There are 4 protein chains.
Amino acid sequence: MKKIISLFLAVCIALPSFSQAKGKSIPDLKGYVTLKCDFHIHTVFSDGLVWPTIRIDEAHRDGLDAIAITDHVEYRPYKSDIVASHNRSYEAALAAAEAKGIILIRGAEITRGMPPGHLNAIFLTDVDELDKPDYMDALRAAKAQNAFIFWNHPGWEAQQPDTTVWFDEHAILLEQGMLHGIEVVNEVCKLYTPEAHRWCLEKKLTMLGNTDVHHFFVPGKKRAMTLVFARSRTPEAIYEALMDRRTVVYYEDFIIGEEKYLKELFENALEWKVDKTENGVRVRVRNNSDLTFRLKKDSSDARLIYFRNTSIMPQVIAPKGEFSFTVNMRGGIKSGDVNFIVENFLVQPNEGMKYTLKISN
Amino acid sequence: MKKIISLFLAVCIALPSFSQAKGKSIPDLKGYVTLKCDFHIHTVFSDGLVWPTIRIDEAHRDGLDAIAITDHVEYRPYKSDIVASHNRSYEAALAAAEAKGIILIRGAEITRGMPPGHLNAIFLTDVDELDKPDYMDALRAAKAQNAFIFWNHPGWEAQQPDTTVWFDEHAILLEQGMLHGIEVVNEVCKLYTPEAHRWCLEKKLTMLGNTDVHHFFVPGKKRAMTLVFARSRTPEAIYEALMDRRTVVYYEDFIIGEEKYLKELFENALEWKVDKTENGVRVRVRNNSDLTFRLKKDSSDARLIYFRNTSIMPQVIAPKGEFSFTVNMRGGIKSGDVNFIVENFLVQPNEGMKYTLKISN
Amino acid sequence: MKKIISLFLAVCIALPSFSQAKGKSIPDLKGYVTLKCDFHIHTVFSDGLVWPTIRIDEAHRDGLDAIAITDHVEYRPYKSDIVASHNRSYEAALAAAEAKGIILIRGAEITRGMPPGHLNAIFLTDVDELDKPDYMDALRAAKAQNAFIFWNHPGWEAQQPDTTVWFDEHAILLEQGMLHGIEVVNEVCKLYTPEAHRWCLEKKLTMLGNTDVHHFFVPGKKRAMTLVFARSRTPEAIYEALMDRRTVVYYEDFIIGEEKYLKELFENALEWKVDKTENGVRVRVRNNSDLTFRLKKDSSDARLIYFRNTSIMPQVIAPKGEFSFTVNMRGGIKSGDVNFIVENFLVQPNEGMKYTLKISN
Amino acid sequence: MKKIISLFLAVCIALPSFSQAKGKSIPDLKGYVTLKCDFHIHTVFSDGLVWPTIRIDEAHRDGLDAIAITDHVEYRPYKSDIVASHNRSYEAALAAAEAKGIILIRGAEITRGMPPGHLNAIFLTDVDELDKPDYMDALRAAKAQNAFIFWNHPGWEAQQPDTTVWFDEHAILLEQGMLHGIEVVNEVCKLYTPEAHRWCLEKKLTMLGNTDVHHFFVPGKKRAMTLVFARSRTPEAIYEALMDRRTVVYYEDFIIGEEKYLKELFENALEWKVDKTENGVRVRVRNNSDLTFRLKKDSSDARLIYFRNTSIMPQVIAPKGEFSFTVNMRGGIKSGDVNFIVENFLVQPNEGMKYTLKISN
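Reading guide: rules and limits
- Residues numbered from 1 in each chain as written.
- Chains lettered and ligands numbered in written order.
- Predicted model: local features only at pLDDT ≥ 70, side-chain atom pairs only at ≥ 80, totals over all residues.
- Heavy atoms only, no water.
- Helix = DSSP H or I, 4+ residues; strand = E, 2+ residues; numbered from the N terminus.
- Rg over C-alpha atoms; globule rule 2.2 N^0.38 Å.
- Buried < 20%, exposed > 50% of the residue type's maximum accessible area, 1.4 Å probe, protein only.
- Contact = heavy atoms within 4.5 Å.
- Areas by Shrake-Rupley, 256 points an atom, 1.4 Å probe, with all protein chains shown as cover.
- Lys, Arg positive; Asp, Glu negative; His and termini not counted.
- Charge placed at Lys NZ, Arg CZ, Asp CG, Glu CD.
- Pairing = 2+ DSSP bridges.
- Buried area = accessible area lost by both parts, 1.4 Å probe.
- Salt bridge = Lys/Arg side-chain N within 4 Å of Asp/Glu carboxyl O.
- Polar contact = N/O pair within 3.5 Å; in protein donor to acceptor, adjacent residues only side chain to side chain.
- Least-squares fit on C-alpha atoms with pLDDT ≥ 70 in both.
- Phe/Tyr/Trp six-rings, centres within 6.5 Å; stacked < 30°, edge-to-face > 60°.
- Lys NZ or Arg CZ within 6 Å of the ring centre and 35° of its normal.
- Nonpolar A, V, L, I, M, F, W, Y, C, P; charged D, E, K, R; others polar.
- pLDDT = per-residue confidence, 0-100.
- Core = buried A, V, L, I, M, F, W, Y, C linked by side-chain atoms within 4.5 Å.
- Domains from an automatic or database assignment.
- Right-handed = clockwise from strand over helix to strand, strands pointing away.
- Axes fitted to C-alpha atoms, helices over the stretch in contact; angles between N-to-C directions.
- Left-handed = near helix turned anticlockwise from the far one by under 90°.

Draft legend 1. A look at the overall build of chain A. Along chain A, the regular secondary structure elements total seven helices and 20 strands. Against the compact-globule benchmark of 21 Å for 361 residues, chain A has a radius of gyration of 23 Å, which places it among compact chains. If one aligns the C-alpha atoms of chain A with their principal axes, the spans along those axes are about 80 × 45 × 35 Å. Here chain A, with 361 residues, has 61% of them falling under the buried criterion. Counting only contacts in chain A whose residues sit at least 6 apart along the sequence, the fraction spanning at least 24 positions is 68%. Working note: accessible area of chain A is about 13,400 Å², and carbon and sulfur atoms make up 50% of it. Once the 45 positive and 48 negative side-chain charges of chain A are each reduced to a mean point, those two points are 10 Å apart.

Draft legend 2. Geometry of the sheet that holds strand β18 (residues 322-329) of chain C. All names here are of chain C. In spatial order, the strands read β13-β14-β18-β16; together these four strands make up an open sheet with antiparallel pairing. The open sheet has two free edges, formed respectively by β13 (270-276) and β16 (304-305), since each of these has just one partner strand. Pairing of β13 with strand β14 (residues 280-287) involves seven bridges; the strand directions are antiparallel. By the bridge assignment, Leu270 is partnered in β14 with Asn287.

Draft legend 3. The interface of chain B and chain C, seen in detail. Taken together, the contacts link 27 residues of chain B with 27 residues of chain C. For the pair chain B and chain C, the two sides together bury roughly 2,200 Å², of which 48% comes from carbon and sulfur. Here chain B and chain C share zero salt bridges between them. At the junction of chain B with chain C, the criterion picks out zero residue pairs in polar contact (both at pLDDT 80 or more).

Draft legend 4. Representation of the pattern of salt bridges within the structure. All names here are of chain C. A full pass over the atoms with the stated rule returns 100 salt bridges over all chains. Residue Arg284 is joined to Asp275 by a salt bridge in which the shortest nitrogen-to-oxygen separation is 2.6 Å. The partly exposed category is assigned to Arg284, whose relative accessible area is 39%. With relative accessibility at 25%, the residue Asp275 sits in the partly exposed group.

Draft legend 5. Structural detail: the relation of the copies chain A and chain D. Mapping chain A onto chain D is achieved by rotating through 180° and translating by 0.2 Å along the same axis, at an RMSD of 0.1 Å. The superposition of one copy onto the other is thereby described by a two-fold rotation axis. Residue by residue, 100% of the interface of chain A is reproduced at the interface of chain D, so both copies engage with the same surface.

Draft legend 6. Region of interest: the packing of aromatic side chains. In this structure the tally under the stated criterion is 65 aromatic pairs over all chains. Residues Phe323 of chain B and Phe325 of chain B carry aromatic rings whose centres are separated by 5.8 Å and whose planes lie at 40° to one another, so their mutual orientation is tilted. With centroids separated by 5.8 Å and ring planes inclined at 35°, the aromatic side chains of Phe340 of chain C and Tyr355 of chain C adopt a geometry described as tilted. Of this pair, Phe340 of chain C sits in strand β19 (residues 335-348) while Tyr355 of chain C sits in strand β20 (residues 351-360), and the two are 15 residues apart along the sequence. With respect to burial, Phe340 of chain C and Tyr355 of chain C carry one shared label: buried. These aromatic residues form a ring-pair network of at least three members: Phe266, Trp272, Phe293, Phe340, Phe345 and Tyr355 of chain A. Over the ring of Phe217 of chain C we find Arg223 of chain C, and its NZ or CZ is 4.7 Å from the ring centre. The ring of Trp166 of chain D has Lys203 of chain D lying over it, and the distance from NZ or CZ to the ring centre is 4.2 Å.

Draft legend 7. View of the interface of chain A and chain D. Each side of the interface is counted separately: chain A has 27 residues, and chain D has 27 residues. The contact between chain A and chain D buries some 2,200 Å² in all, and 48% of this surface belongs to carbon and sulfur atoms. At the boundary of chain A and chain D, one finds zero residue pairs in polar contact (both at pLDDT 80 or more). For the side of chain A that touches chain D, the secondary-structure elements that each account for two or more residues are β8 (191-192) and β12 (254-257) of chain A. The residue inventory of the side of chain A that touches chain D, partitioned by class, reads eleven nonpolar, ten polar and six charged.

Draft legend 8. Highlighting the relation of the copies chain B and chain C. With an RMSD of 0.1 Å, chain B superimposes on chain C once it is rotated by 180° and translated 0.1 Å along the axis. Interface residue correspondence from chain B to chain C reaches 100%, placing this contact among same-surface, isologous pairings.

Draft legend 9. Up close: the confidence of the model for chain A. Residue and element names in this part refer to chain A. Across chain A, the average pLDDT comes to 90, with 91% of residues at 70 or higher. Across residues 1-16, where pLDDT falls below 50, the model places 41 contacts with residues more than four positions away in sequence or in other chains. Across the assembled chains, the prediction reports ipTM 0.85 with pTM 0.84.

Draft legend 10. Molecular detail of the arrangement of the chains. Of all C-alpha pairs spanning chain A and chain C, none lies closer than 20 Å, and the two are not in contact. In this structure chain B stays clear of chain D, and the shortest span between their C-alpha atoms is 19 Å.

Draft legend 11. A look at the nonpolar core. Residues and elements named next belong to chain C. Among the nonpolar cores identified, the biggest contains 54 residues, and Phe266, Val283, Phe293, Phe325, Phe340 and Phe345 are the most heavily contacted of them. If you count residues domain by domain, this core takes at least three from each of domain 1 (3-15 + 271-360) and domain 2 (33-245). Beyond its immediate chain neighbours, meaning those up to four positions away, Phe293 contacts Phe266, Ala269, Leu270, Asn287, Gln315, Val316, Ile317, Val342, Asn344 and Phe345.

Draft legend 12. Seen up close, the pairing of strand β4 (residues 103-111) of chain B. All names here are of chain B. Counting buried positions along β4 gives nine out of nine residues, so the element sits mostly inside the fold. Here β4 shows no split at all, with Ile103, Ile105, Gly107, Glu109 and Thr111 on one side and Leu104, Arg106, Ala108 and Ile110 on the other all buried. In the sheet, strand β3 (residues 66-69) pairs with β4 via four bridges, with the strands oriented parallel. Residue Ile69 lies in a different strand from β4, and its bridge partner there is Arg106. After leaving β3, the chain enters helix α2 (residues 88-100) and then returns to the sheet as β4, a path that is right-handed. Where β4 folds back on strand β5 (residues 118-122), the antiparallel hairpin that results is connected by six residues, among which Gly117 adopts a positive phi of roughly 80°.

Draft legend 13. Representation of the domain arrangement of chain A within the structure. Residues and elements named next belong to chain A. We note that the domain assignment places domain 1 (3-15 + 271-360) and domain 2 (33-245) within chain A. Inter-centroid distance (C-alpha atoms) of domain 1 to domain 2 is 38 Å. Counting residues at the interface gives five residues for domain 1 and five residues for domain 2. Summing both sides of the interface, domain 1 and domain 2 together bury roughly 390 Å²; the carbon and sulfur share of this comes to 69%. At the boundary of domain 1 with domain 2, the tally comes to zero salt bridges. Our count for the contact surface shared by domain 1 and domain 2 stands at zero residue pairs in polar contact (both at pLDDT 80 or more). In the side of domain 1 that touches domain 2, the residues fall into three nonpolar, two polar and no charged.

Draft legend 14. Geometry of the packing of helix α1 (residues 52-61) of chain C against helix α2 (residues 88-100) of chain C. All names here are of chain C. One can describe the packing of α1 onto α2 by two numbers: an axis separation of 7 Å at closest approach and a directional angle of 35°. At the point where α1 passes α2, the crossing takes the right-handed sense. Residues Pro52, Thr53, Ile56, Asp57 and His60 of α1 lie in contact with α2, whose contacting residues are Ser89, Ala92, Ala93, Ala96, Ala97 and Lys100. Residue composition of the contact of α1 with α2, grouped by class: six nonpolar, three polar and two charged.

Draft legend 15. Geometry of the pairing of strand β20 (residues 351-360) of chain A. All names here are of chain A. Both strand β19 (residues 335-348) and β20 contribute to a ladder of ten bridges, which runs antiparallel. Note that in β20 the partner of Ile341 across the bridge is Lys354. Hairpin connection between β19 and β20: a loop of two residues separates the two successive antiparallel strands, and Asn350 in this loop has a positive phi of roughly 60°.

Draft legend 16. Fine view of helix α3 (residues 135-144) of chain B. Residues and elements named next belong to chain B. Within α3, the full set of buried residues consists of Tyr135, Met136, Ala138, Leu139, Ala141 and Ala142. Against β4, β5, β6 (148-151) and α4 (168-175) lie the buried residues of α3. If you check the start of α3, you find a side-chain oxygen 2.6 Å away from the backbone N of Met136, and it comes from Asp134. Following α3 by one or two positions, Asn146 adopts a phi angle in the positive range, close to 60°.

Draft legend 17. Representation of helix α5 (residues 194-203) of chain C in the model. Residue and element names in this part refer to chain C. Buried residues dominate α5, accounting for seven of its ten residues. Looking at α5, one finds that the buried residues are Pro194, Glu195, Ala196, His197, Trp199, Cys200 and Leu201. Elements that come into contact with the buried residues of α5 comprise β6 (148-151), β7 (181-186), β8 (191-192), β9 (206-210), β12 (254-257) and β19. Downstream of α5 by one or two residues, Lys204 has phi in the positive range, about 60°.

Draft legend 18. Expanded view of the environment of Thr70 of chain A. All names here are of chain A. Here Thr70 shows up in the loop between β3 (66-69) and α2 (88-100). The exposure class assigned to Thr70 is buried, which follows from its relative accessible area of 0%. Along the primary structure Thr70 and Tyr90 are separated by 20 residues, whereas in three dimensions their C-alpha atoms are 8.5 Å apart. Not counting the four nearest positions on each side in its chain, Thr70 is found in contact with Phe39, His40, Ile41, His42, Gly107, Ala108, Glu109, Asn120 and Ile122.

The structure is reproduced here in structure tokens:
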């Protein structure tokens, strides 16, 4: 990927829109709004510890656009006190969600031994239909409701004690249209699963990053999210985007996903300005987003001198911050490539995104 | 109250015990351990938003010794989903309390219009017995179970829109042995009620300070507490102490209560050392507790010179901090009184505790 | 002092100007800009520990408008290494002051035993003229240069070991036009001197609050200041204002000075809005400044109900904060007075400013 | 490098000594105390902005053992005010250094164009001897005083605008015994210079990390240091250690130096405990130091399962923190190697230290 910026062209690109009124400011992509979502959340209706309306308060406080409440169908430790349909946790939160402008998605967690482990089905119409002894029956019921279905925390040690295995059962689910995505990040398990990351890329599955919160979500803590690139801020548009794999995962300061989305986020978040200096150019960057970017010099065009004395730590472009660096050009050179890696934008498991800035003087 | 300290006596008093293994360090009193308690707490079994076990986690995290879960008897907004005895919130938390070493007390909030307003009954044996149409019947049932009964947030604006009134109904409850204490502080209402403070002193009622928490209690936030001076760390000893009015209220950095308890806390928290100087003495204080003390000079013995240039702000003895000051003695004076007020130790509504340090050179 | 605000009048007063581009935002007064000044500062040219230009960096960082460098005439511990005119510390800082837009005032500290102690002379033209054996000669030289002269830290224990005494010598200086002000606050000595406060009020002297910094001034620390109400941001206007006693002292969150100035600061910092409610009015205040206001209820109009449950702590209007309270009006009352004390605005030694808000419904 | 720890051996290694009474706790090495030093510091006697005694206050506050004041010989912007021997900045700080227990080393910065750039000579006896027009004469004078001489900030852009070059002149200095070390880190220039790191390894030069502070050193800021492994806490022992290359550089959370020292620091800082589990072992580590360790899994023994889901971020062992991880062993395996890289312990430019923990079950 290359971006050409030049002293003789207009170098200040028009600022893209930022849809989010609240919470972290993350740029939109062309044709899409970026929605901050958490599709894995529990309440007292399964083994969570809070009433469903708290989840709306937390989502609102944290600036989310949409959440799915996904109580376990099969595991309900408080069922002797709470005797209710599987749809109740969704219903109990709905009025609060509407009042606070949070999109609430009806979901459930199908909770089985490995394989196939735990799977979330969201965009359901009636969760009670999923309460079946055989997991294939439960998933067929979800499919019959046109659910979006994903595999939760595939690297969870309790279910995959040694390595993270893709079982034949998962291949069958994929073939039968009953597996659309995988959690690459699960916050409660503190789990980034490189294998899940690779499977999503290879098998064309949607990448998800969710909290799986059971307790309350502590104020001020960074929250794992699925960023969804949707045509509009509606449940239907989120569904369409998920089915079309238009997501990236946001976890700590990492963005994980398809290179095309990472590149566009990077470009839309940053404004570049290049000024001629005596020996080359000075490049100034303004970060209009709340994302962080950690840059490391990549194999370089030997005629350009930049990022010289900084290899001990990456160059950090802080949220809403500014950053500048000098590119010296040797002996009459008029243009060249500044190559670097954005360490925290993972385009492959543990591999940052390469980026080239084409400079002319 | 006077404390005599002298250069010619041993001035470093033996350090009293501090029972608390966790949380704020607050000194014990002679013959009693100081227990940190919260007697007003809600869960999803009435209009709280969390499952009862979270209350144990929070109490443990905050270093409390004992809590009472006191769900409303009459107000249960989730009762269509949660069909349960009024005893269930206590029962659901009991195993967790035992596991974490928290003393859990069975309680309930009798929730009526004013008068008499809301009253908590704790140390109950069966909460269901309190579910009666007439509040006097409910209170008689509590009394029959030997409950400790107190009036909650008497100055709550919703129920006392103008001034804070003691109704005839409260006098009747008091006479009939159905009112033992009052909340001087209620944290959810952000309420310190001077009238409640005065009534406790005049009518010999127990002072309480509780959170009345409904949502989760945010980690790191200071927590209103009732400090109970109990013969041992047992439920029975707490009951006996409450009935004997051996409590003070801890709220922000204030201690509110009977002067005798405030004085003993003050003395047990602080170690004094007096050294002779050319013109008088130097007094050094070490605070062995996590309490804060704010001292202001009181009408002074004119022959002693101390706290001269400091009247703009009180002298603060910080938690675990040290503090020292000089007392100059004029013209051959050999002893005298250092008089001050501990501003944040309230012995009357809005009135700090006076203290005299008798100094001899 | 009374301020009438009413539902039927326009209650949002037009926002006064705030001159300061940097540092704490403090309102201007009618006809005057409010300048943040420190008139007592040392460098390596006497017993300070830093080069004069650092004082400019610090002043700029802390948002000051003007400083005076006031090295001791008589005490120069590094004079074997630094052989220089007494004017050099001013001269060495001048270019930096001009570059950073700080008004730099030439000063000196006349440093003698008590009486008369230490006195600063500022707005000098040649400090070397003050280097005389007799302090009266030094002061006459300062007067001959039309200096503004003030007594430093009059309550300093080293010079006034018992009480803070006004000596005959000070009366003579005052009579002879060689004493114009007193430091009410000296930060290095951690000294607020109530006697100095009273003398300024009684003897019509200018109040000053300065740092007397010798070491570097730690970034982020609150800085004692003299706030000067000047006709313009020029040295001449500061001189005129000092001679006319148009100053207040800013120290921690206290403002100390003449009531008329404190009142105008209070009114210019705050925007009030009053809305009718069912039982009275709701008063909302927005603090447009970086000042803090701590309000306590004063003896009240018994027909109005306000600040009911809050006596344990003052009502704090935080910097740039908002604050609101309800005034209930009994039995058909249509107007009344809300009386309170602004605890941290000292109009007399240790005495807050009273303020009345006249409310009509 | 290998460390064998086993369930059947004693696994809790006796805690090594930590010499430092103040400041960061860093372990000693066998036979040596670890001294925290800064060998590049300026004062008003060259172009610094503070009096020499402040450097002692700062060193004491920051827990340093030794500092060298190294004012420029050739660059003295305040020399019209400060007329003094080049030895005066050392002499002016000496009494304060003795009072606070800081080892003060007499030094100077020989300040020339590139080549050879700026060089520090420390352990001088008379700085004035270095004031010569020809830099070779200045260095010969330093050598005649048995100085330890090092090249400052070799990658400084002002002197090396493109790449960081080792000039013939440096080779000559090295041959003639007038170059003993290089600054790998210079804090004022925010400079870690990978070339300097490599040259020290290749040419057997001593690695240094210094602040080059001119302004005051802000309290609370992390300070670049040279850690010196000395036979005792004396100037002579520091000199001997520097000449023997027994140093590492401490900068941010990085330790840079010879692998043998990094390994011993790592081992002396950490206490390991291994417990058998059902499927392998649980390894617990306690960090007794204030160093941070960031571990990444290295190419692994395929029979051991560890650090599985954590590749997005390194495993951090925080200062005084604890850390634990599980090693699962497949199919009857009884022992194996846990291989990882300590990312922030640089044994080569930008290359972390590899470490193997030999585990037996």
